[in-house]
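The lines below spell out each chain.
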Amino acid sequence: MPKLHYARWLLLSFLVIVLDQLSKWYAVAHLQLQIPVEVNPYFNWYLDYNHGAAWSFLADESGWQRWVLSGFSAVISVVILFLLKRSSPQHKAANTGLALILGGAIGNLIERIHPGVVTDFIQWHIGNHYWPTFNLADSAVCIGAVIYIWGIK
């Protein structure tokens, strides 16, 4: 059996998935839909559901976007698995970035498949200017992309 040099990256992805799913479960269990819970003047817990992609892109479509976005996430996940398998163990930053992206993509893919919407609950704002609500999977994808780009330079 070949040695899985990329097992640590898969473990990181798995950890992201577990934390993402647990945090979404907790948000649904303890927050009321679209009722902000102020943490400080710039940060709220705010339960909302996204039928689209980032920043609610395509959210107002008829439902086809669920399957297109699910397919896109699945393809990206397979590509990342392939890249991790072929990567060098010495490329720790790039591999870390890929693992975070993979975990985030699968975390949101799980919800796109069932129940068909992605749970968001983190809300930043300055005064009346609100950043789109997001979740831990979204954070992992964004942070992972930055780390990956930094790691491949």
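**Q** Kindly report on the pattern of salt bridges, identifying the contributing residues and their values.
**A** This model, assessed by the stated rule, comprises 2 salt bridges. Put simply, Asp-20 and Lys-24 hold a salt bridge, and the shortest N to O gap is 2.8 Å. With a gap of 4 residues between them, Asp-20 and Lys-24 both fall in helix 1 (residues 7-30), about one helical turn apart. No difference in accessibility class separates Asp-20 from Lys-24, as the two residues are buried. The partner of Lys-24 in a salt bridge is Glu-111, with the nearest N and O atoms 3.2 Å apart. Of the two residues, Lys-24 is situated in helix 1 and Glu-111 in helix 3 (residues 92-113); the sequence distance between them amounts to 87 residues. What makes Lys-24 buried here is its relative accessible area of 1%. Here the residues in one salt-bridge network are Asp-20, Lys-24 and Glu-111, joined through shared partners.

**Q** Could you give me a rundown of the sheet that holds strand 2 (residues 43-50), with the residues and numbers involved?
**A** Strands sit in the order 1-2-3-4 across an open sheet of 4 strands; the sheet is antiparallel. Of all strands in the sheet, those bounded by a partner on one side alone are strand 1 (37-40) and strand 4 (129-130). For strand 3 (residues 118-126) and strand 4, the ladder comprises 2 bridges, and the chain directions are antiparallel. What sits directly across from His-125, in strand 4, is Tyr-130. Sitting on the sheet, helix 1 is in contact with strand 2 and strand 3, with an inclination near 80° to strand 3.

**Q** If you had to explain a nonpolar patch on the surface to someone new, which residues and values would you point to?
**A** Together, Leu-11, Phe-14, Val-18 and Leu-22 give the surface a local cluster of nonpolar side chains, amounting to about 390 Å² of exposed area. Along the chain, Leu-22 turns up in helix 1.

**Q** Let's hear about the packing of aromatic side chains: which residues, and what values?
**A** Taken as a whole and assessed by the stated rule, the structure comprises 3 aromatic pairs. Consider the rings of Phe-43 and Trp-45, whose centres lie 4.9 Å apart with planes at 75°: the pair is edge-to-face. On the basis of relative accessible area, Phe-43 is assigned to the buried category, the value being 10%. Clustering of aromatic rings is evident, with ring pairs tying together Phe-43, Trp-45, Phe-121 and Trp-124.

**Q** Help me get a handle on the nonpolar core, residues and values and all.
**A** Listed in full, the 8 residues of the largest apolar core are Tyr-6, Trp-9, Ile-80, Leu-84, Leu-98, Ala-99, Ile-101 and Leu-102. Every element with two or more residues in this core is listed here: helix 2 (64-86) and helix 3. Per element, the largest residue contribution to this core is 4 residues, and it comes from helix 3. Residues contacting Trp-9, with those up to four places away along its chain left out, are Leu-84, Lys-92, Asn-95, Thr-96 and Ala-99. In terms of nonpolar packing, the next biggest core, distinct from the first, is built from 7 residues, Leu-31, Phe-43, Leu-47 and Phe-121 among them.

**Q** Which residues make up the packing of helix 2 against helix 3, and what values go with them?
**A** For the pair helix 2 and helix 3, the least separation of the axes is 9 Å and the interaxial angle reads 150°. The pairing of helix 2 with helix 3 is recorded here as roughly antiparallel in orientation. Here helix 2 runs over helix 3; the crossing is left-handed. For the pair helix 2 and helix 3, the contacting residues are Arg-66, Leu-69, Ser-70, Ser-73, Ala-74, Ser-77, Ile-80, Leu-81, Leu-83 and Leu-84 in the first and Asn-95, Leu-98, Ala-99, Ile-101, Leu-102, Ala-105, Ile-106, Leu-109, Arg-112 and Ile-113 in the second. A breakdown of the residues in the contact of helix 2 with helix 3 according to their chemical character gives 14 nonpolar, 4 polar and 2 charged.

Here is what the cut-offs are and how they apply
- Along every chain, residues carry numbers that run from 1 in the direction the sequence is written.
- Local features are withheld for residues below a pLDDT of 70 in this predicted model, meaning they are given only at 70 or higher, and side-chain atom pairs are given and counted only at 80 or more; totals for whole chains, interfaces and linings count all residues.
- Water and hydrogen atoms were dropped before computing side-chain values, which therefore reflect all heavy atoms in the structure.
- A pair is scored as a salt bridge if a Lys or Arg side-chain nitrogen falls within 4 Å of a carboxyl oxygen belonging to Asp or Glu.
- Each helix is a run of DSSP H or I of at least 4 residues and each strand a run of E of at least 2, with the numbering of both proceeding from the N terminus.
- Relative accessible area decides the class of each residue, using a 1.4 Å probe on protein chains only: under 20% of the type maximum gives buried, over 50% gives exposed, and in between gives partly exposed.
- The pairing criterion for strands is at least two bridges between them, as found by DSSP.
- Two residues qualify as a contact provided that any one of their heavy atoms is within 4.5 Å of a heavy atom in the partner residue.
- Axis lines are fitted through C-alpha atoms, for helices just across the contact stretch, and the angle between N-to-C directions can take any value from 0 to 180 degrees.
- Patch membership is restricted to residues that have no salt bridge and whose relative accessible area is over 30%. Joining uses 9 Å for like charges and 5 Å for the nonpolar side chains Val, Leu, Ile, Met, Phe, Trp and Tyr.
- To measure how exposed things are, a 1.4 Å probe is used in the Shrake-Rupley method; for residues, cover is taken only from the protein chains shown.
- Only rings of Phe, Tyr and Trp enter the pairing, Trp through its six-membered ring, and a pair is recorded when the two centres are within 6.5 Å. The plane angle decides the type: under 30 degrees is stacked, over 60 is edge-to-face, the rest tilted.
- Remark: nonpolar core denotes a set of buried residues (Ala, Val, Leu, Ile, Met, Phe, Trp, Tyr, Cys) joined through side-chain atoms within 4.5 Å.
- Every angle not falling under 35 degrees, over 145, or within 65 to 115 is termed oblique; those three ranges are roughly parallel, roughly antiparallel and roughly perpendicular.
- Note: crossing handedness is left-handed where the near helix turns anticlockwise from the far helix by less than a right angle, and right-handed where it turns clockwise.
- The classification used treats Ala, Val, Leu, Ile, Met, Phe, Trp, Tyr, Cys and Pro as nonpolar, Asp, Glu, Lys and Arg as charged, and all other residues, Gly among them, as polar.

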